[in-house]
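For reference, the chains in residue letters:
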Amino acid sequence: MKILLYNPDNGVTRNFMPHLWMFLLQALTPPGHEVILVDGNARAMTEEELVRFVRREGVGLVGIGAMTRMVARAYRFADALRAAGVPVVMGGPHVTECPEEALGRAGGPRHADAVALGEADETWPLIVEDAARGELKEVYEPERDAKGLDKKPSLQPYPHIPWETLDLDQFSLVPSFFRPLLSKMGAGWGQFHVVPVETGRGCPYGCEFCTVTGFFGDSIRFRTNESVVEELLRLKERARRERGQVAVFFIDDNLAINVKRTKSLLRDIIEAGAQLPWVAQISANLLRDEELVDLIAASGGKWVFIGMESVDPANMADVNKNFSKPSEYGAVLERLARRDIYAITSFIFGMDNDTVGVADRTLGEIESWPPGLPVFGQLTPFPATPLYERLEKAGRLDRPKHWLDFAPFVMAHAPLKMSIEEARAETRRAWEASYSPARNAEAVESIADRHIQYRISMLVARLFFRGIYFPQMTRRAWLKLLADNRRTIFSLAREGFATWRRSRRAPEPEEVASAAAASWGAD
Ligand code: B12
Ligand code: SF4
């Protein structure tokens, strides 16, 4: 049987990274079946085009995964496929929380023939075999333990994802017309892939707005260090062979949740020479540890995603995230920046203690820190979270099924001290001020004493991150963006060219010393 795994596009950005679930389920598919992957973010198709594709390929089963914000779109694709007679199974966090909705048992139309609840590592092979026999059940769920809780996959052993041979062409971030030229530069930039790798699952912290503790559980499971290192070595080999670059996104919710284990993993990566540039999510409280931050730098860590949420401690207490202290954020970012590691700092507006002016108060703090990539969202009650339950009980949900009429940056409930419209205006203000050409120039200038590679990386990342809020999908939008930031681009290009010319002649001893210091992150 041919199986299509499909991820609907998020309607905002071209995703910079493929979704791990597709590769994982592909690797877990029993032999004898062929699995095709299509990510709507990388390969846009309308419902009709997807149906034609499925017919042309002779696909017998479609699996669709979606987060809550994409689920309405996912349902539309599922409806079109089912109308064409192709069975659809849906999985992922949203249908796990709302299976009745997907199966049409909640008063609305039915969208899926079957749903896979929770982690599907063990149920996926059963789903495939049942579908091949034409005997799909409606609901697949993990086995339960004696306490009635889901039995979670141990991640030991971990499935072999054959990154070295997979066709990742749809996920290359380098436009095809640039590839021949860029493959000749330095170690080669003919392909650039950001690849998701997990080293563990689960988070015990239970922040009020988050689905992770409920979905993956509060006890954490890890892969072995050997299995992670082996996967990185294969990715590194692929990059070398393709004359391209691979960066890794460790998608664990908190890579350093068990600091002892994280240090041991990072040491093993260093010892095996398996370093690739990487990004990971780590909470601010765990980044107090100097030795950990040294190991992050030495193992290839370049960017750390920190869920800072708010600069107001009262808000942090409200959402059960008191362990993360706004007063420490500046010191944490300084500690990282000393090693040329920068942070993606994520904030949530529309918390109950927020008032008009929250954007400027937050921006004031951010501007006192080393530069990074701030991102701003709004407090969103995802189904089955403690936040959803609290707001529902208090009768505060204006749009209890907000995902069915998804509207970006429009809250589903009013915060206590400002309106939905005010929260939206604050969010817009924060994005505009953070990614204006002037702010981009300041961010690059503030690290003028660092090696040029870090300043280029800062600017490029800023130009991409802006696209999370301001649609940046067309060639015209990109040209405008480049024109708006031309001063900073030209100044870095001039300096880069001079550095390149210097590198073509025999270097002076002090240049060697300073280049070595830059690449190892020493001061
Ligand atoms: C990596 C990640 C991202 C990446 C992008 C996704 C990508 N390309 O991988 C980035 C950083 C861009 C991102 C952004 C956002 N994310 Co995010 N992200 C994650 C994260 C940390 C890991 C996802 C992952 O790969 N997990 C590991 C895989 C193995 O698990 P899985 O995807 O759940 O898949 C398993 C099962 O669900 C199931 N399954 C999944 N799909 C399917 C499909 C079928 C057919 C079947 C049978 C089974 C199945 O099988 C898999 C194996 O067991 C998760 C948290 C988490 N730990 O999962 C949040 C998470 C998915 N994100 C979340 C959110 C809210 C967001 C944002 C909206 C945040 C924001 N406020 O801006 C944005 C939206 C981005 C956008 N515009 O699309 C929420 C979603 C909650 C929900 N109910 O929808 C999560 C769960 C985190 C949370 N705090 O609650 N995210
Ligand atoms: S927000 Fe982060 S720290 Fe909090 S429960 Fe979710 S994954 Fe854990």
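The following paragraphs examine the structure supplied in this document. In this text the structure is predicted, and so the values were computed from the model without any measurement.

The next thing to look at is the packing of helix α14 (residues 358–367) against helix α16 (residues 420–434). Where α14 contacts α16, the two axes come as close as 8 Å, and the packing angle between them is 30°. In terms of orientation, α14 and α16 fall into the roughly parallel class. Between α14 and α16 lies a crossing whose hand is right-handed. Residues Val 358, Ala 359, Asp 360 and Leu 363 of α14 touch α16, and the partners they reach there are Glu 426, Arg 429, Ala 430, Ala 433 and Ser 434. A breakdown of the residues in the contact of α14 with α16 according to their chemical character gives five nonpolar, one polar and three charged.

Moving on: the side chain of Gln 281. Mapped onto the elements, Gln 281 comes out in strand β11 (residues 278–281). Engagement of the side chain of Gln 281 in a polar contact is seen with the backbone oxygen of Asp 252, the distance being 3.3 Å. Apart from residues no more than four positions distant in its own chain, Gln 281 is found in contact with Phe 249, Phe 250, Ile 251, Asp 252, Asp 253, Asn 254, Leu 255 and Phe 305.

The subject of this paragraph is the site of ligand 2. Every residue near ligand 2 is listed here: Cys 203, Tyr 205, Gly 206, Cys 207, Phe 209, Cys 210, Thr 213, Asp 253 and Phe 323. For the shell around ligand 2, the per-class residue count stands at six nonpolar, two polar and one charged.

What follows concerns the environment of Asp 352. Along the chain, Asp 352 falls in the loop between β13 (342–349) and α14. For Asp 352, a relative accessible area of 10% gives the class buried. Remark: the alpha-carbon pair of Asp 352 and Leu 379, spanning 27 residues in sequence, is separated by 9.3 Å. When residues no more than four places from it in sequence are discounted, the contact partners of Asp 352 are Asn 315, Asp 318, Arg 390, Arg 396, Pro 415, Leu 416 and Lys 417. Within polar-contact distance, the side chain of Asp 352 engages the side chain of Arg 396 at 2.9 Å. There is a polar contact of 3.4 Å between the side chain of Asp 352 and the backbone nitrogen of Leu 416.

This next bit is on helix α2 (residues 47–57). Considered for burial, the residues of α2 that qualify are Leu 50, Val 51, Phe 53 and Val 54. Burial along α2 is one-sided: seen end-on, the buried residues are contained in an arc of 160°. Exposed residues lying more than 90 degrees from the buried face of α2 are Glu 48, Arg 52, Arg 55 and Arg 56. Turning to α2, the residues buried within the fold contact β1 (2–7), β2 (34–39), β3 (59–65) and α3 (71–83).

In most cases, non-glycine residues show a negative phi, while peptide bonds are predominantly trans. The omega torsion of the bond from Gln 156 to Pro 157 falls at 0°, within 30 degrees of zero and hence cis. Mapping Pro 157 onto the fold places it in the loop between β6 (139–140) and α7 (179–182). With a phi angle near 70°, Leu 155 is a residue other than glycine that sits in the positive phi range. Mapped onto the fold, Leu 155 is located in the loop between β6 and α7. The exposure class of Leu 155 is buried, given its relative accessible area of 5%. Look at Asn 320: it is not a glycine, yet its phi comes out positive at around 60°. Residue Asn 320 is classed as partly exposed on the basis of its relative accessible area of 45%.

A separate point is the sheet that holds strand β7 (residues 192–197). Taken in spatial order, the six strands of this open sheet run β7-β10-β11-β12-β13-β14, and their pairing is parallel. The sheet is open, and its two edges are formed by β7 and β14 (373–378), each paired on a single side. Adjacent strand axes in the sheet meet at a mean angle of 20°, parallel and antiparallel pairs treated alike. Summarising the sheet, β7 and strand β10 (residues 245–250) pair through six bridges and their orientation is parallel. The residue of β10 that forms the bridge with Val 194 is Ala 247.

A separate point is helix α13 (residues 329–337). Across the nine residues that make up α13, a large majority, seven, are buried. Within the span of α13, buried status applies to Tyr 329, Gly 330, Val 332, Leu 333, Arg 335, Leu 336 and Ala 337. Looking at the buried residues of α13, the elements they touch are α11 (290–298), β12 (301–309), α12 (313–318) and β13.

Where nonpolar side chains cluster on the molecular surface, the patch consists of Ile 456, Val 460 and Phe 464 and spans about 250 Å² of accessible area. You can see Ile 456 is positioned in helix α18 (residues 452–465). Judged by relative accessible area, Ile 456 falls into the partly exposed class, the value being 37%.

Turning to the packing of aromatic side chains, a few remarks are in order. Applying the stated criterion to the full structure yields 17 aromatic pairs. Residues Tyr 388 and Trp 403 carry aromatic rings whose centres are separated by 6.4 Å and whose planes lie at 45° to one another, so their mutual orientation is tilted. In this pair, Tyr 388 sits in helix α15 (residues 386–393) while Trp 403 sits in the loop between α15 and α16, placing the two residues 15 residues apart along the sequence. Given the relative accessible area of 2%, Trp 403 is considered buried. In this structure, Arg 223 is placed above the aromatic ring of Tyr 158, and the distance from its NZ or CZ to the ring centre is 3.8 Å.

This part takes up the pattern of salt bridges. Inspection of the entire model under this criterion finds 44 salt bridges. Between Asp 113 and Arg 82 there is a salt bridge, with its nearest N and O atoms 3.1 Å apart. Here Asp 113, found in the loop between α5 (99–102) and β5 (114–116), pairs with Arg 82, found in helix α3; they are 31 residues apart in sequence, far enough to count as distant. On the basis of relative accessible area, Asp 113 is assigned to the partly exposed category, the value being 22%.

Cut-off values and rules
Residues numbered from 1 in each chain as written. Chains lettered and ligands numbered in written order. Predicted model: local features only at pLDDT ≥ 70, side-chain atom pairs only at ≥ 80, totals over all residues. Heavy atoms only, no water. Axes fitted to C-alpha atoms, helices over the stretch in contact; angles between N-to-C directions. Helix = DSSP H or I, 4+ residues; strand = E, 2+ residues; numbered from the N terminus. Parallel < 35°, antiparallel > 145°, perpendicular 65-115°, else oblique. Left-handed = near helix turned anticlockwise from the far one by under 90°. Contact = heavy atoms within 4.5 Å. Nonpolar A, V, L, I, M, F, W, Y, C, P; charged D, E, K, R; others polar. Polar contact = N/O pair within 3.5 Å; in protein donor to acceptor, adjacent residues only side chain to side chain. Near = heavy atom within 4 Å. Buried < 20%, exposed > 50% of the residue type's maximum accessible area, 1.4 Å probe, protein only. Arc of directions from axis to C-beta. Pairing = 2+ DSSP bridges. Patch = residues over 30% accessible without salt bridge, like charges linked within 9 Å, V, L, I, M, F, W, Y side chains within 5 Å. Areas by Shrake-Rupley, 256 points an atom, 1.4 Å probe, with all protein chains shown as cover. Salt bridge = Lys/Arg side-chain N within 4 Å of Asp/Glu carboxyl O. Phe/Tyr/Trp six-rings, centres within 6.5 Å; stacked < 30°, edge-to-face > 60°. Lys NZ or Arg CZ within 6 Å of the ring centre and 35° of its normal.

None of the figures reported here should be taken as evidence of function without further support.
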